[in-house]
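Tertiary structure, described
This is what each chain is made of:
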Amino acid sequence: AAGECGGGGGSGAAAATAALELGPRSPLDGVGELLGIGSAELQQALCTRTMQAPGEGVIRMANGVPAAVQSRDALARHLYHAIFGHVVEKTNRSIGFRDNALFCGVLDIFGFEFFATNTFEQLCINFTNELLQQFFNSFIFENETALYRAEGISWNELDFPNNATIVDLLQKSPNGIFPMLDEECFVIGGTSGSWHRKLVRMHENHSRFAQALTEKEVFVVYHFAGPVTYSAAAFLEKNRDRLSPDMLKCLNESAWPFLADRFAGRSEERDEHRRSFGSTAPPEEMMTTSPSKVKRAQRATVSTEFRQQLQSLMGQIRTTTPHFVRCIKPNKFCSPYVDPAASPPVPLFDRPSVAEQLAYQGVLEAIRVARAGYPVRFLHADFLADFRCLAWGPELQSELQAAAQLASSGESSPSGGDADMSCAALAAAAAAVRALLEAPEVEALVQEDGGPGFAFGKRRLFLKQGAFGALKAAQSRLRHSSATRLQASRRRAVAWRLARARFGALVALQACARGLAARRAVAASQRLRAAEVVVAGLRMLAARRRLRKFLIIASAVQSWVRMRQCREPFVRAKKATLSLQVEGPPGAPGCDKQALGVAAASEGAPAPPACPESPPCPPPLARRGPRGLPPASWRGRDRWGGVDAGAFRGAAATGVPLS
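Definitions and limits used
- For every chain, the first residue of the written sequence is number 1, and numbering continues from 1 onward in sequence order.
- Local features are withheld for residues below a pLDDT of 70 in this predicted model, meaning they are given only at 70 or higher, and side-chain atom pairs are given and counted only at 80 or more; totals for whole chains, interfaces and linings count all residues.
- Computation of side-chain values covers all heavy atoms of the structure but excludes hydrogens and water.
- Where helices and strands are cited, they refer to DSSP runs of H or I of at least four residues and of E of at least two residues respectively, numbered from the N terminus.
- We call a residue buried when its accessible area falls under 20% of the maximum for its residue type, exposed when it is over 50%, and partly exposed in between, using a 1.4 Å probe and counting protein chains only.
- Residue contacts follow a heavy-atom distance rule, with two residues in contact if any of their heavy atoms lie within 4.5 Å.
- Computed with a 1.4 Å probe, the accessible areas rest on the Shrake-Rupley method; for each residue, only the protein chains presented here act as cover.
- One bridge is not enough; two strands pair if DSSP finds at least two bridges between them.
- Axes here mean lines fitted to C-alpha atoms, for a helix over just the part in contact, with angles spanning 0 to 180 degrees between N-to-C directions.
- Should an angle lie under 35 degrees it is considered roughly parallel, over 145 roughly antiparallel, and from 65 to 115 roughly perpendicular; all remaining angles are considered oblique.
- Gly is put with the polar residues, along with every residue not named as nonpolar or charged; the nonpolar set is Ala, Val, Leu, Ile, Met, Phe, Trp, Tyr, Cys and Pro, and the charged set is Asp, Glu, Lys and Arg.
- Here a crossing is called left-handed whenever its near helix is offset anticlockwise from the far helix by less than a right angle, and right-handed whenever the offset is clockwise.
- Here a Phe, Tyr or Trp ring, Trp counted by its six-membered ring, pairs with any other such ring whose centre lies within 6.5 Å, and the pair is stacked when the planes are under 30 degrees apart, edge-to-face when over 60, and tilted otherwise.
- Whether a charge lies above a ring is judged from NZ of Lys or CZ of Arg, which has to be within 6 Å of the ring centre and within 35 degrees of the ring normal.
- By definition here, a helix of n residues has an expected span of 1.5 Å times n minus one.
- At any given residue, the bend is defined as the angle formed between two axes, one fitted to the seven residues that end at that position and one fitted to the seven that begin there.
- In predicted models, pLDDT denotes the confidence assigned by the predictor to each residue on a 0 to 100 scale.
- What we call a nonpolar core is a set of buried Ala, Val, Leu, Ile, Met, Phe, Trp, Tyr and Cys residues that are connected through their side-chain atoms within 4.5 Å.
- Within this document, salt bridges are pairs made up of a side-chain nitrogen of Lys or Arg and a carboxyl oxygen of Asp or Glu, the two lying within 4 Å of each other.

1. What about the overall build of the protein?
Counting secondary structure elements, the protein contains 23 helices and 10 strands. Per-residue burial for the protein yields a buried fraction of 32% across its 659 residues. Considering only intrachain contacts with a sequence separation of at least 6, the fraction spanning at least 24 residues in the protein is 63%. Of the accessible surface of the protein, which amounts to about 41000 Å², a share of 59% is contributed by carbon and sulfur atoms.

This is how it looks when you write it as structure tokens:
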């Protein structure tokens, strides 16, 4: 619609309408259908404006493109505000919300914003953070004040930080940044540049304000979280954010009752959900209303309503018991690890971003507030239980032990609670804490350059950060040495138990080794005896074999010797017999040698009769085989010559020589 609204001005409604012809289906048709308004009426409300001309009545003129864009954006913001207010109202009714009832609310505030280009929106957001930080400081300050007064401790209120100068710079009338912006919005011919120049002239010497000399229409505000550079361009346009009377009239005539009721402006029960800035009266009422009322209606701006709502919110917060939660995003990638697939995964922690968030969310300022004065507090019994180990003397230790037991018995009374501790237990704990602080070794720790680093209250002991750090360091050293001694004793017991176990295991191993060695020695002895038996048997067998051979040889030798003894007379007798057979005795007939030789050579022939002159042959030696067996068991074979014994005896009987 803004692109179709043409250039500067026009001479009348007819010329404006003729210049803004719509196509067959434009975005205005869809918006008009959703809002229950005709597209022609919506087009006329966005792209034209009515004016009261003296003597001519009401005239209509065309808006330029920038004016049409502002009108469109203002309509969108007002619609969002109306729907949001309706949703909140219905939600409160559905849950039975009552204004005077107890409730538990969560305020999710926008964090401190600092971009490359910061404009009106960032200034409003950071102003909210300034007010919340101021409330946090005052809340802590009030709590600290009430606590110190209840404990009867004097302290310096100047120790607590205060950002009241920044809040005054932003909202204090008439010279604050927001009041001057509102004033410039209603100055004829006022621009963002003129407002910036007035702002620089007014606050050039302010400690929380500075002008950027290198850029045009830029100023710097030193917030509690750090300096922020703002661009003054478009501040006035964003601060006005008006709905024109023509647009309000068009919305009031909507065919959708819900939308008409949202923008009617006459229902008192809907008053809290209507936009209080911008003109809310129809053109006719504005022309008939007194000039003062018109002026008051027209002087409402975005910053005015924003500050009013913020003050209402802060007033409601001050009636509650707040608890503060700070949320820090570790990285801008919303990923827990650099590489989830790695082993082990490395956490993705962007240190510069986290440090910047800690500063811009006021965490560092909150820490500084908490550390102002006496930031560390202990109930007497708690301090006694934590730090009585620092006392050296045995008598003091026994006294502190008795006081601690009495205090613990008072705390564990049936009624319970810190307020119900018996007076005797409180007095005993307080006296023990005083005695502990007066001990030389503890007194040297809690003293600071300006005096004692603690304040003794009725029920609590307050410590400065330095004194508490010294006490904790001494406690850590003592616990470390005690833990070292306990660990040494425990390690000695464990080592002794382990040594005994190892010694028993070593004895058992040695017994097993000795048994194994003995069994191996017995087995070796048994094997040796077996080997000796085997060797004896083998030697016996070899000896018997040698004996048998010796007997066989001796028998053979005896046989040969006997054979030789018998052969010589046999040969002589044979020769004599042969000679007698050949020659014959004297006077006897001769023998036929050839016939005699043939007869002797024939196999199986009977032996010739012995000569009567021949002596008888001696009987053959009795021969026995191995192991006393008869020669027949030799199977007719001689062991050394292979000659058949029967053949030998036959040859000996017949006198035929063996070959």
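The discussion continues.
2. Structural notes on the sheet that holds strand E9 (residues 454-456)
Strand order in this open sheet of 3 strands is E6-E10-E9, and the pairing throughout is antiparallel. At either margin of the open sheet sits one strand with a lone partner, and together these are strand E6 (376-379) and E9. Shown here is a sheet whose adjacent strand axes are inclined to one another by a mean of 20°, direction ignored. With 3 bridges connecting them, E9 and strand E10 (residues 460-463) associate as antiparallel partners. Note that in E10 the partner of Ala 455 across the bridge is Phe 462. Across the sheet, helix H5 (residues 120-151) touches E6 and E10, and the angle it forms with E10 is around 125°. Together, E6, E9 and E10 form the strand contacts of helix H17 (residues 380-387), whose direction differs from that of E6 by roughly 95°.

3. What about the packing of helix H6 (residues 164-171) against helix H7 (residues 177-185)?
For the pair H6 and H7, interaxial distance at closest approach is 3 Å and the crossing angle is 5°. With respect to their mutual orientation, H6 and H7 come out roughly parallel. Contacts between H6 and H7 involve Leu 169, Leu 170 and Gln 171 on the former and, on the latter, Ile 177, Phe 178 and Pro 179. When the residues that make up the contact of H6 with H7 are grouped by side-chain class, the tally is 5 nonpolar, 1 polar and no charged.

4. A short note on the sheet that holds strand E4 (residues 218-223)
If you trace the 3 strands from one edge of the open sheet to the other, you get E3-E4-E5, paired in antiparallel fashion. Since the sheet does not close on itself, it has two edges, and those belong to strand E3 (209-211) and strand E5 (226-231), each with one partner. Adjacent strand axes in the sheet meet at a mean angle of 25°, parallel and antiparallel pairs treated alike. Bridge count for E3 against E4 is 3 bridges, and the pairing is antiparallel. Looking across to E4, one finds that Ala 210 is bridged to Val 220.

5. Observations concerning the packing of H5 against helix H14 (residues 302-318)
At a closest axis distance of 11 Å, the pairing of H5 and H14 adopts a crossing angle of 25°. With respect to each other, H5 and H14 are oriented roughly parallel. H14 is crossed by H5, and the crossing has right-handed handedness. Counted together, Phe 120, Cys 124, Phe 127, Thr 128, Leu 131, Leu 132 and Phe 135 of H5 and Val 302, Ser 303, Phe 306, Arg 307, Leu 310, Gln 311, Met 314, Ile 317 and Arg 318 of H14 form the full contact between these two elements. Of the residues that constitute the contact of H5 with H14, the class distribution is 11 nonpolar, 3 polar and 2 charged.

6. Observations regarding the packing of aromatic side chains
Within the structure shown, the criterion is met by 19 aromatic pairs. Ring geometry for Tyr 80 against Phe 84: centres 6.1 Å apart, planes inclined by 20°, an arrangement best described as stacked. Here Phe 84 and Tyr 80 lie together in helix H4 (residues 65-94), a separation of 4 residues that amounts to about one turn. Ring centres of Phe 219 and Phe 235 lie 6.2 Å apart, and the angle between their planes is 65°; on these two criteria the pair is classed as edge-to-face. A residue pair is termed long-range when its members are at least 10 positions apart, and Phe 219 in strand E4 and Phe 235 in helix H9 (residues 235-240) qualify at 16 residues. The residues Phe 219 and Phe 235 share a single accessibility class, namely buried. Cation over ring: Arg 326 sits above Phe 136, and NZ or CZ is 5.6 Å from the ring centre.

7. Concerning helix H21 (residues 465-583)
Spanning 119 residues, H21 covers 166 Å between terminal C-alpha atoms, matching the ideal 177 Å at 1.5 Å per step. Along its length, H21 shows its largest kink, about 25°, at Arg 567, and proline Pro 569 lies within four residues downstream of that point.

8. A word on the confidence of the model for the protein
Summarising the model, the protein shows a mean pLDDT of 76, and 75% of its residues fall at 70 or more. The spread of mean pLDDT over the elements of the protein runs between helix H1 (residues 13-19), the lowest at 38, and E4, the highest at 93. A low-confidence stretch, residues 593-606 stays under pLDDT 50, and its non-local contacts, those more than four residues away or across chains, total 5 contacts. Long-range and interchain partners of residues 609-614, a stretch whose pLDDT sits below 50, account for 5 contacts in this model, where long-range means more than four residues apart.

9. A look at the nonpolar core
If you look at the biggest cluster of nonpolar residues, it comprises 31 residues, and the most contacted ones within it are Ile 177, Trp 195 and Phe 219. Residue assignment for this core shows that the elements contributing at least two residues are H5, H6, H7, helix H8 (192-203), E4, E5, H9 and H14. Not counting residues up to four positions away in its chain, the partners in contact with Trp 195 are Ile 177, Met 180, Leu 181, Glu 184, Phe 219, Ala 232, Phe 235 and Leu 236. Membership of the second largest hydrophobic core comes to 26 residues, among which are Ala 403, Ala 404, Val 433 and Leu 461.

10. Describing the pattern of salt bridges
For the structure on display, the rule yields 8 salt bridges. We note a salt bridge from Arg 72 to Asp 73, for which the minimum N-O separation is 3.1 Å. Take Arg 72: its relative accessible area is 42%, and that puts it in the partly exposed class. Residue Asp 73 is classed as partly exposed on the basis of its relative accessible area, which comes to 28%.

11. What to know about H5
In this model, H5 (32 residues) spans 46 Å end to end at C-alpha, consistent with the 46 Å of a helix rising 1.5 Å per residue. Gly 152 sits one or two positions beyond H5 and adopts a positive phi of about 70°.

12. With respect to the pairing of E4
Extensive coverage of E4 is indicated by the burial of 5 of its 6 residues. Connecting E3 to the next strand, E4, in antiparallel fashion are 6 residues, including Glu 217 with a positive phi near 55°. By the bridge criterion, 6 bridges tie E4 to E5 in an arrangement that is antiparallel. Considered in E5, the bridge of Val 218 is made with Ser 231. Where E4 folds back onto E5 in an antiparallel hairpin, the turn is made up of 2 residues.

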